[in-house]
Number of protein chains: 4
Amino acid sequence: MCPVVVDRNAKREQIAQAALNAFSKKGYAATSVREIAAVARVGKGTLYEYFRTKADIFLAAVKCWLDQFETRFFSRLEGIDDPAQKLAALALAFVELVDPLDPMDARMSVEVIQQGILEGGVLFHRPHEIREMMAGSQKMVEQILLDGISKGMFTPETARHVGKIAVNLLGYLDGILLHAVVTKRDFDLEDHVAFYINTLIHSISGPSAG
Amino acid sequence: MCPVVVDRNAKREQIAQAALNAFSKKGYAATSVREIAAVARVGKGTLYEYFRTKADIFLAAVKCWLDQFETRFFSRLEGIDDPAQKLAALALAFVELVDPLDPMDARMSVEVIQQGILEGGVLFHRPHEIREMMAGSQKMVEQILLDGISKGMFTPETARHVGKIAVNLLGYLDGILLHAVVTKRDFDLEDHVAFYINTLIHSISGPSAG
Amino acid sequence: MCPVVVDRNAKREQIAQAALNAFSKKGYAATSVREIAAVARVGKGTLYEYFRTKADIFLAAVKCWLDQFETRFFSRLEGIDDPAQKLAALALAFVELVDPLDPMDARMSVEVIQQGILEGGVLFHRPHEIREMMAGSQKMVEQILLDGISKGMFTPETARHVGKIAVNLLGYLDGILLHAVVTKRDFDLEDHVAFYINTLIHSISGPSAG
Amino acid sequence: MCPVVVDRNAKREQIAQAALNAFSKKGYAATSVREIAAVARVGKGTLYEYFRTKADIFLAAVKCWLDQFETRFFSRLEGIDDPAQKLAALALAFVELVDPLDPMDARMSVEVIQQGILEGGVLFHRPHEIREMMAGSQKMVEQILLDGISKGMFTPETARHVGKIAVNLLGYLDGILLHAVVTKRDFDLEDHVAFYINTLIHSISGPSAG
DNA sequence: GATGAATGAGCCTTCATTCAT
DNA sequence: CATGAATGAAGGCTCATTCAT
């Protein structure tokens, strides 16, 4: 007559968020379904009402993580117009989003890479999903570069390398973040990134930029 | 009085090598000791004659991997004197050592990072080991830079940034390699790395370099 | 909201009882959890829903055994008032509770002793538990003796030895039971015990008892 | 031409002795063949030159234990003539042979009982061996009693009960020793045994003994 | 819809025994 | 004769998944 209406999507989201917390602490393999259920404050069986397998839960957690990351990320870039400043802001946003004491983001990055690389990894046969995760950021960086060129701030020659520059920048950011996390940050991350960005901007700026 | 004589060290090494193959395919958690034994072509019990635990086997595999990497690496740099060329060679060595079809190295990198980052990871409480693994490469890059400065090829100002430049370079290389592996190399890795190195060298070279 | 309701305590008890049967047949070490599960008619995994380890199962089985023993034991002594008769009844109860064809009690005694004595035994570091198991019986015997003294049936001098007499009696009973079990009862157990009790009672009875 | 002559029996004995030490510390199941070999200071393979199985080693250890026990035992009784004193000496010999700090004897007793009682126990299908182990002591006690009777120190009626008295005495001694070991001797063992013996002797002595 | 009791495949590890030397 | 390297069966235990309620 009056069935309890539950927003299935909301609950899925809640579970995915809980799973994200769990997975980013101990990784996919070491996180048990029981733990996820406990963190999500639902019964173990309930998980299987919303997801078919543990792997599905992981996928949802990854999506959850990406969404949150994007949201936080864009809010950092809002209102910045100058392309050079925008590049710097983008890089620093990456950096600042990694809390050295709770480096959930970095851990999830590694876990995602892991699961995508390894045979038998949860994402191994889903290159599409992985490709998609990365495409967004690349487009964004390219856009900034093209904008700078059209504004005359970056040399026209830069146009020939936008793809390379974007991929390199994102690769660098991921790599330096990993190093920071792995070494428990025994170097000044912000400083290093700023140095990289300065060099980059300098190399693509026209002579008038000096 | 006359027991079977076996070179225990050689056998350890052989097992470690086999374990390396196994671990780099499926990761630590997903690789069972049974599989390791099968790859090493020994009985399951034999593993425990040479190692106390699965974690110990992993450690040995990591060491094995590092050793091999260093060996191959140094052989690439032999006989190169020009600092700029040396930097380029170093970067390309990194790149070329990652076989896109069997990217063992990248996978082990990720696995090692993983085990070092994650709570309960095999390397979690061994930051010393991890730090050590990374220190060698950094020193090497710094040495090349200083050499270039003393030879007047790199600007004296570069001296103030050798640490940063080295860390950034290595971070970049790891990051871009990961991207290459994860995306199954849908960009031209060598080209991207060459571009990065050119930009770097250009930015630290004196005006006469132009 | 509406999960399967199971009386967890009842199930624990049921498993403990099954474990008791298994352990008393083959001992702690030689009984596998698989066997316990089979006897309890549950899955292997289910055991671990109710107990943390095999050792915990053993402990529960021991408690189960003690409880049952006490219950059967007290029912034998009910309604007997005469102290001498009570001593005799107590001894015979011990005896009769050991079925020569299924001498579970004696076997569990030995197993408990074993696990308590041996380095690495499950009960080795729980002297408290063992002490407690034994204290009850001793108190009971002492009470009977004191009762007999106050009724003038046992000599006042007996009072000085109640502790010794009780410990000796219980030691004797355990020892003679073990012999009976070990030798598969090739002597008349009841007769021997009766003889011992008669001698004991005679030695502590006043001259008027003659 | 000149083969090394090794006294196989001596080596067997040496191994059995080492095994005895090992078994009496941790019991049959928990003692590994490797440990026995280590204690015996021989190679693991060597054990199998002298024994067919671990069970055989245990048997030899048991025999070794019994032999030593008897030897020590008889040396205590030498030169005592008075039957009553002899009984007392015999009982105290039992007691004194159990070192409270290294209660090897008691542990071996339990282990032997264990292995004889339990299904699958090493001695389970060897009742003959067990029977034999016990027969010697019983005969000895009976002999003392008969001697006392013929000397007029024990009542003629005692003759009807020599078997019972002997079995009871030995049962008592085993039982009280076990209690002493299990409770880590929290009662005065010698005192209790002396009390038992006094009562026994008193009950079988003629009126003139008073 | 929600739950947690139940399960067995599969994990890492130990160990008695064999056998080449 | 003496050895220890090699082994696989078997052990205790975990955990993703199912299912009755």
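Right above here is the structure, for reference.
Description of the structure in this document. (Residues numbered from 1 in each chain as written. Chains lettered and ligands numbered in written order. Predicted model: local features only at pLDDT ≥ 70, side-chain atom pairs only at ≥ 80, totals over all residues. Heavy atoms only, no water.)

## Examining the interface of chain B and chain A
Next up, step 1: Contacts between chain B and chain A engage 44 residues on the former and 44 residues on the latter.
Next up, step 2: In this assembly, chain B packs against chain A so that about 4,100 Å² is buried in total across both faces, 68% of it on carbon and sulfur atoms.
Next up, step 3: In terms of surface lost to chain A, no three residues of chain B exceed Ile117, Val182 and Phe195 of chain B, which account for 14% of the buried area on that side.
Next up, step 4: Viewed at the interface, chain A and chain B are joined by two salt bridges.
Next up, step 5: One salt bridge connects Lys164 of chain B with Asp191 of chain A, and the closest N-O pair in it is separated by 3.0 Å.
Next up, step 6: Viewed at the interface, chain A and chain B are joined by 11 residue pairs in polar contact (both at pLDDT 80 or more).
Next up, step 7: Counting residues per element, the ones that place at least two in the side of chain B that touches chain A are helix H1 (8–30), helix H6 (104–117), helix H7 (127–150), helix H8 (162–182) and helix H9 (189–204) of chain B.
Next up, step 8: With 15 residues, H8 of chain B is the single largest residue contributor to the side of chain B that touches chain A.
Next up, step 9: Each residue belonging to the side of chain B that touches chain A can be placed in one class, and the counts come to 19 nonpolar, 14 polar and 11 charged. (Contact = heavy atoms within 4.5 Å. Buried area = accessible area lost by both parts, 1.4 Å probe. Salt bridge = Lys/Arg side-chain N within 4 Å of Asp/Glu carboxyl O. Polar contact = N/O pair within 3.5 Å; in protein donor to acceptor, adjacent residues only side chain to side chain. Helix = DSSP H or I, 4+ residues; strand = E, 2+ residues; numbered from the N terminus. Nonpolar A, V, L, I, M, F, W, Y, C, P; charged D, E, K, R; others polar.)

## Points about the relation of the copies chain B and chain A
Next up, step 1: For the pair chain B and chain A, the best superposition has an RMSD of 0.3 Å and corresponds to a rotation of 179° with a translation of 0.0 Å parallel to the axis. Here the two chains are linked by the operation of a two-fold rotation axis.
Next up, step 2: Interface overlap between copies: 100% of the residues of chain B at the interface are likewise at the interface in chain A, consistent with a symmetric, same-surface contact. (Least-squares fit on C-alpha atoms with pLDDT ≥ 70 in both.)

## Side note on the relation of the copies chain C and chain D
Next up, step 1: Each copy superposes on the other: chain C lies on chain D with an RMSD of 0.3 Å after a rotation of 179° and an axial shift of 0.0 Å.
Next up, step 2: Taken together, the interface assignments show that 100% of the residues at the interface of chain C recur at the interface of chain D, consistent with an identical surface on both copies.

## Section: the packing of aromatic side chains
The description of an aromatic ring pair uses the distance of the two centres, along with the angle that the planes make with each other.
Next up, step 1: One pass over the full model with this rule turns up 34 aromatic pairs over all chains.
Next up, step 2: Centroid distance Phe69 of chain A to Phe73 of chain A: 5.7 Å. Interplanar angle 20°. Geometry classified as stacked. You can see Phe69 of chain A and its partner Phe73 of chain A sitting in helix H4 (residues 54–77), four residues apart, about one turn around the helix. With respect to class, Phe69 of chain A is no different from Phe73 of chain A; both count as buried.
Next up, step 3: Ring geometry for Phe73 of chain C versus Phe74 of chain C: centroids 6.2 Å apart, planes at 75°, classification edge-to-face.
Next up, step 4: Taken together, the ring pairs in this structure connect Phe69, Phe73, Phe74 and Phe94 of chain A into an aromatic cluster.
Next up, step 5: One residue, Lys54 of chain A, lies across the ring of Tyr28 of chain A, its end atom 4.5 Å from the ring centre.
Next up, step 6: Above the face of the Tyr50 of chain C ring, Arg8 of chain C is positioned so that its terminal group lies 4.4 Å from the ring centre. (Phe/Tyr/Trp six-rings, centres within 6.5 Å; stacked < 30°, edge-to-face > 60°. Buried < 20%, exposed > 50% of the residue type's maximum accessible area, 1.4 Å probe, protein only. Lys NZ or Arg CZ within 6 Å of the ring centre and 35° of its normal.)

## Considerations on the interface of chain C and chain D
Next up, step 1: With 44 residues of chain C at the contact, the number on the chain D side is 44 residues.
Next up, step 2: Summed over both sides, the interface of chain C with chain D buries roughly 4,100 Å², with 68% coming from carbon and sulfur.
Next up, step 3: Applying the counting rule to chain C against chain D returns two salt bridges.
Next up, step 4: Run the count over chain C and chain D and you get 11 residue pairs in polar contact (both at pLDDT 80 or more).
Next up, step 5: Here the element with the most residues in the side of chain C that touches chain D is helix H8 (residues 162–182) of chain C; it accounts for 15 residues.

## Considerations on the environment of Ile176 of chain B
Next up, step 1: Mapped onto the secondary structure, Ile176 of chain B falls in helix H8.
Next up, step 2: Along the sequence, Ile176 of chain B and Lys151 of chain B sit 25 residues apart, while their C-alpha atoms lie 30 Å from each other.
Next up, step 3: The residues touching Ile176 of chain B, leaving out its near neighbours within four places in the chain, are Val167, Asn168 and Gly171 of chain A together with Phe187, Leu189 and Val193 of chain B.

## Considerations on the side chain of Thr158 of chain B
Next up, step 1: You can see Thr158 of chain B is positioned in the loop between H7 and H8.
Next up, step 2: Not counting residues within four places of it along the chain, the set of residues in contact with Thr158 of chain B comprises Ile149, Ile165 and Ile204 of chain B.

## Some thoughts on empty space enclosed by the protein
Next up, step 1: Within the structure shown, the criterion is met by one cavity of 30 Å³ or more.
Next up, step 2: Volume-wise, the largest cavity comes out at about 220 Å³.
Next up, step 3: Residue lining of the largest cavity: 13 residues in total, with Tyr196, Thr199 and Leu200 of chain A together with Tyr196 and Thr199 of chain B positioned closest to the centre.
Next up, step 4: Of all the secondary-structure elements, those providing two or more residues to the lining of the largest cavity are helix H8 (162–182) and helix H9 (189–204) of chain A together with H8 and H9 of chain B.
Next up, step 5: Among the residues forming the lining of the largest cavity, the class breakdown is nine nonpolar, four polar and no charged. (1 Å grid on protein atoms, 1.4 Å probe; cavity = no way out; pocket = protein on both sides within 12 Å on 5 of 7 lines; lining within 4 Å. Points joined across faces, edges and corners; volume = space filled by probe spheres on them.)

So far we have only geometry, and geometry alone does not tell us how the molecule works.
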